[in-house]
Amino acid sequence: MKLAAFLAAILCISTLTAQGVNLPPPGLPPGAQYRVMFVTEAQQNPHFGTLDLLDALVATDATDTGLDQAVGGSQWKAVASTPGVDAGDHSGTAFPSTTYNVPIYRPDGVKVVSFGVQLWTSSLILAPPTITGSGAVNIWDVATGTGADGLGADVMCNPVPRRATWGDSSISGICFDAGSRDFCAGQSLGNCLTAPVYGISDVLTVPAPPATITDLGEGCAAPAPKSFLFFPNGFGAYQVSVGTGTFNPNVGSPIGATADDAITATNIPLGFPFPGPSGQTAATVSVDPNGRILPETAILASVPSLASSVDPVEFTRGGFDQICPWWCDFDVTAPGSGEILLATVPGESATFTWNGVAQKGGVPTSDSRLTVQCTLYADGAILFVHEAVTAFNSRGEDDALIVGVAGRLPVTLPPQVDFSEFTTSQTQAVPVFEYWSSNQFVDLTAAQAPRLAAYNLPQLGSQLWIKMTEIPSASTTVYFLLGATPTTPIDLTPVGLPCYLRVAPDVTMSAAIQSDVMWLGAPVPSSPDFIGTQLFIQGAVDGAPHAIPLFLTNALVAEVGI
């Protein structure tokens with residue numbers, strides 16, 4: 001289904017308006033042709049006029065006044081006649097030139113004639129061409145050496161208003177009044193010592209805007225950054241506070257973790273003695289590129305580093321302290337991957353950042369690069385901040401993930417905690433962790449709304465693809481709300497849905513959720529008439545803990561272009 005020919009053809013053209021210049025002319029759709037006619041601010045003695053000289057005068061004046069830039073560049077010609085060349089032919093406004101039927105506008109966007117050939121029929125002139133290239137009004141006499149029919153004149157204006165030919169040795173030329181509706185009205189010879197000239201552009205085309213995708217804002221409130229502060233209480237437990245930390249933009253310098261699945265960043269000085277999860281103090285740490293900080297460096301030879309071995313048993317019975325802000329299968333060696341960095345405050349803190357590091361497998365994309373941060377404090381506190389963790393299973397394989405801290409002494413495997421159910425502060429004995437296996441939704445905070453993103457741009461004749469990601473595991477049905485007109489966001493909190501509806505839906509589509517990424521395809525018509533058409537899109541899924549059990553995604557507007 002073509003969605004009712006993409007719902008509607010809503011043309012939207014912007015114009016360039018500066019100091020009286022209003023081009024392209026308002027109201028013309030993309031792809032429409034037009035020409036611009038103006039009066040030069042420079043003047044010329046008609047007796048010495050040649051077409052080459054007059055064309056150069058017009059082009060220079062168009063450049064100097066900014067008109068040439070306003071139209072994006074053009075070839076300019078004088079609307080003038082010389083012996084053997086008539087103005088109608090020279091300007092391409094006489095029949096049967098290929099451009100005789102193109103409408104002509106002034107620089108201020110006002111139409112002069114609907115067809116170029118109508119220049120030579122005064123009763124069809126809609127507005128006198130009295131505007132200069134800078135947008136000013138010029139009502140001085142204008143010289144053309146041309147008759148009212150577009151032909152070069154070879155007689156004086158007596159007894160009928162004809163024009164003398166440019167370059168005629170017997171006269172200096174005859175002018176006409178640019179302020180007259182009949183802009184070819186004759187004037188006496190004495191007014192023509194010097195005069196401005198009419199200039200006309202090549203055929204111009206209203207540009208087609210590029211295809212765009214714009215995010216209109218969130219549907220449901222975005223969750224706070226995923227952060228957890230572990231503060232030791234001195235009795236083998238941590239007081240865990242949720243959502244109180246912020247990402248430290250000072251990520252520092254690379255630590256030298258340059259290998260995949262190998263701990264190459266070892267014995268990194270912290271600048272203070274750090275009391276680890278087991279109570280043992282460490283002045284240095286080693287860093288596993290797969291997302292672990294190890295305060296005890298003497299036993300590194302026995303520390304597994306393969307992310308494929310992520311396992312709650314290994315984590316809790318490893319016999320060494322482990323601090324895992326996000327332990328999974330990172331690959332710092334992948335092309336386009338980020339790196340691990342360290343920033344320190346001497347005697348106070350050390351912040352390690354896995355900055356845009358790629359997950360293992362495939363080419364890194366925005367959906368497979370993660371940014372997580374861990375700060376160790378001199379008082380033993382540990383802060384995790386998960387700044388960008390939209391996915392952890394990009395390969396669709398049996399991957400796993402652990403977030404938490406564990407001590408060095410072997411312990412009986414305790415049940416994992418559920419960080420998303422934490423209150424503002426909660427006491428947890430070491431080890432404290434949450435574990436996810438393949439295809440589980442990462443719920444470090446309360447369930448959040450999924451997101452829409454465009455896979456490509458809505459270009460003429462293409463297929464626009466919109467994907468929905470971060471779909472909660474409890475959701476069973478996906479909805480796409482499609483509209484053709486903008487609307488003011490509606491706060492749905494009063495009806496039991498703490499979200500904003502940002503689309504006035506003309507069409508609603510639904511489907512059963514079959515994976516953690518759902519797609520919407522919309523054919524974009526190939527006709528230029530659809531350039532500027534807008535499609536407003538917002539998604540929704542069920543399973544939300546609201547009175548109306550829906551999550552609303554962010555909204556997008558797709559504007560058709562080239």
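These numbers come from a predicted model, not from an experiment. (Residues numbered from 1 in each chain as written. Predicted model: local features only at pLDDT ≥ 70, side-chain atom pairs only at ≥ 80, totals over all residues. Heavy atoms only, no water.)

### Some thoughts on the overall build of the protein chain
Next up, step 1: In terms of helices and strands, the protein chain carries 5 helices and 35 strands.
Next up, step 2: Taking all contacts inside the protein chain whose residues are at least 6 apart in sequence as the whole, residues at least 24 apart take part in 66%.
Next up, step 3: Total accessible area computed for the protein chain in this model is approximately 23,500 Å², and 56% of it derives from carbon and sulfur atoms. (Helix = DSSP H or I, 4+ residues; strand = E, 2+ residues; numbered from the N terminus. Contact = heavy atoms within 4.5 Å. Areas by Shrake-Rupley, 256 points an atom, 1.4 Å probe, with all protein chains shown as cover.)

### Things to note about the state of the cysteines
Throughout this description, disulfide means a covalent bond between two cysteine sulfur atoms.
Next up, step 1: For the coordinates displayed, the defined rule picks out 1 disulfide.
Next up, step 2: With no disulfide of its own, Cys374 lies 9.2 Å from the sulfur of Cys324, the closest cysteine sulfur.
Next up, step 3: Cys374 sits in the buried class, given a relative accessible area of 0%. (Disulfide = S-S within 2.5 Å. Buried < 20%, exposed > 50% of the residue type's maximum accessible area, 1.4 Å probe, protein only.)

### As for the packing of aromatic side chains
Next up, step 1: Summed over the entire model, instances satisfying the criterion amount to 9 aromatic pairs.
Next up, step 2: Note on Tyr34 and Tyr105: the rings are 6.3 Å apart at their centroids and 85 degrees apart in plane angle, and the pair reads as edge-to-face. Linking Tyr34 in strand β3 (residues 33-39) with Tyr105 in strand β5 (residues 104-105), this pair joins segments that are 71 residues apart in sequence.
Next up, step 3: When its relative accessible area of 2% is taken as the criterion, Tyr34 is described as buried.
Next up, step 4: Overall, the relative accessible area of 8% leaves Tyr105 in the buried class.
Next up, step 5: Grouping aromatic residues by their ring pairs yields a cluster made of Phe228, Phe230, Tyr238, Phe384 and Phe419.
Next up, step 6: Across from the ring centre of Trp327, 4.1 Å away, lies the NZ or CZ of Arg292, which sits over that ring. (Phe/Tyr/Trp six-rings, centres within 6.5 Å; stacked < 30°, edge-to-face > 60°. Lys NZ or Arg CZ within 6 Å of the ring centre and 35° of its normal.)

### With respect to the nonpolar core
Next up, step 1: Within the largest apolar cluster, 40 residues are counted, with the highest numbers of intra-cluster contacts made by Phe230, Phe352, Leu376 and Ile382.
Next up, step 2: A per-element tally of this core places strand β15 (residues 265-275) first, with 5 residues. (Core = buried A, V, L, I, M, F, W, Y, C linked by side-chain atoms within 4.5 Å.)

### What to know about the pattern of salt bridges
Next up, step 1: If you walk through the whole model with that rule in mind, you get 4 salt bridges.
Next up, step 2: Among the salt bridges present, the one from Asp108 reaches Arg106, with a minimum N-O distance of 2.9 Å.
Next up, step 3: Classification of Arg106 by relative accessible area gives buried; the value is 11%.
Next up, step 4: The closest approach of N and O atoms between Glu218 and Arg451, which form a salt bridge, is 2.4 Å. Separated by 233 residues along the polypeptide, Glu218 in the loop between β11 (212-217) and β12 (226-232) and Arg451 in strand β27 (residues 451-454) bring together distant segments of the chain.
Next up, step 5: Residue classification places Glu218 among the partly exposed residues on the basis of a relative accessible area of 30%.
Next up, step 6: Sharing partners across several salt bridges, the network here consists of Asp215, Glu218 and Arg451. (Salt bridge = Lys/Arg side-chain N within 4 Å of Asp/Glu carboxyl O.)

### Observations concerning the sheet that holds β11
Next up, step 1: The 5 strands lie next to each other as β11-β35-β34-β29-β32, forming an open sheet whose pairing is antiparallel. Of all strands in the sheet, those with a lone pairing partner are β11 and β32 (507-512), marking the two edges. The average angle at which neighbouring strand axes cross in this sheet is 20 degrees, direction not considered.
Next up, step 2: As judged from the 5 bridges shared by β11 and strand β35 (residues 550-559), these two strands associate in the antiparallel manner. (Pairing = 2+ DSSP bridges. Axes fitted to C-alpha atoms, helices over the stretch in contact; angles between N-to-C directions.)

### Topic: the pairing of strand β20 (residues 339-345)
Next up, step 1: Judged from the 2 bridges that link them, strand β14 (residues 253-254) and β20 form a sheet pairing that is antiparallel. Bridge pairing in β20 links Ser253 to Leu342.
Next up, step 2: One ladder, built from 7 bridges, connects β20 with strand β21 (residues 349-359); its direction is antiparallel. Residue pairing for β21: Ala343 is matched across the bridge by Thr351.
Next up, step 3: Following β20, the chain reverses through 3 residues before pairing antiparallel with β21; Gly347 in that reversal takes a positive phi of roughly 75 degrees.

### Things to note about the sheet that holds strand β28 (residues 463-469)
Next up, step 1: On the basis of which strands lie adjacent, the open sheet formed by 3 strands has the order β27-β28-β33 and antiparallel pairing. Looking at which strands have only one partner, the edges of the open sheet turn out to be β27 and β33 (518-523). Recorded for the sheet is a direction-independent mean angle of 25 degrees between the axes of neighbouring strands.
Next up, step 2: Across 6 bridges, the pairing between β28 and β33 is antiparallel. From the neighbouring strand, Lys467 faces β33, where its bridge partner is Trp519.

### Topic: the side chain of Thr40
Next up, step 1: Structurally, the position occupied by Thr40 is in the loop between β3 and α2 (51-64).
Next up, step 2: Take Thr40: its relative accessible area is 0%, and that puts it in the buried class.
Next up, step 3: A polar side-chain atom of Thr40 sits 2.7 Å from the main-chain carbonyl oxygen of Ala42.
Next up, step 4: At 2.9 Å, the side chain of Thr40 and the backbone nitrogen of Val197 are in polar contact.
Next up, step 5: When sequence neighbours within four positions are dropped, the list of residues in contact with Thr40 reads Val58, Asp61, Asn138, Pro196 and Val197. (Polar contact = N/O pair within 3.5 Å; in protein donor to acceptor, adjacent residues only side chain to side chain.)

### Some details on a nonpolar patch on the surface
Next up, step 1: Taken together, the side chains of Tyr455, Trp465 and Trp519 define a hydrophobic patch exposed on the protein surface, amounting to about 370 Å² of accessible area.
Next up, step 2: Within the element layout of this structure, Trp465 appears in strand β28. (Patch = residues over 30% accessible without salt bridge, like charges linked within 9 Å, V, L, I, M, F, W, Y side chains within 5 Å.)

### Examining the side chain of Gln322
Next up, step 1: Relative to the helices and strands, Gln322 is located in strand β18 (residues 322-327).
Next up, step 2: Setting aside chain neighbours within four positions, we find Gln322 in contact with Pro277, Arg292, Ile293, Leu294, Glu314, Phe315, Trp327, Gly404, Val405 and Ala406.

### A few points about the environment of Cys499
Next up, step 1: On the secondary structure map, Cys499 appears in the loop between β30 (490-491) and β31 (500-501).
Next up, step 2: C-alpha separation for the pair Cys499 and Thr553, spaced 54 residues apart in sequence, amounts to 8.9 Å.
Next up, step 3: Not counting chain neighbours up to four residues away, the residues in contact with Cys499 comprise Gly219, Cys220, Ile490, Asp491, Leu492, Thr493, His546 and Leu552.

### Remarks on the confidence of the model for the protein chain
Next up, step 1: Across the protein chain, pLDDT averages 79, with 78% of residues at or above 70.
Next up, step 2: Element-level mean pLDDT values for the protein chain span from 36 in strand β1 (residues 16-18) up to 96 in β5.
Next up, step 3: The low-confidence segment residues 1-18, where pLDDT is below 50, has 48 contacts with residues more than four positions distant or belonging to other chains.
Next up, step 4: Under a pLDDT of 50 for its full length, residues 154-192 has, in the predicted model, 122 contacts with residues more than four places off or in other chains. (pLDDT = per-residue confidence, 0-100.)

### Some words on α2
Next up, step 1: Counted at 1.5 Å a residue, the expected span for α2 with its 14 residues is 20 Å, and the 20 Å between its end C-alpha atoms agrees.
Next up, step 2: Regarding α2, the residues found buried are Leu51, Leu54, Asp55, Leu57, Val58, Asp61 and Ala62. Down the axis of α2, the sector holding all buried residues measures 155 degrees, keeping them to one side. Summarising the geometry of α2, the exposed residues directed more than 90 degrees from the buried face are Asp52, Thr63 and Asp64.
Next up, step 3: Close packing links the buried residues of α2 with β3, α3 (67-70), β4 (76-78), α4 (87-90) and β9 (198-201).
Next up, step 4: Positive phi shows up at Gly66, right after α2, with a value of about 90 degrees. (Expected span 1.5 Å × (residues − 1). Arc of directions from axis to C-beta.)

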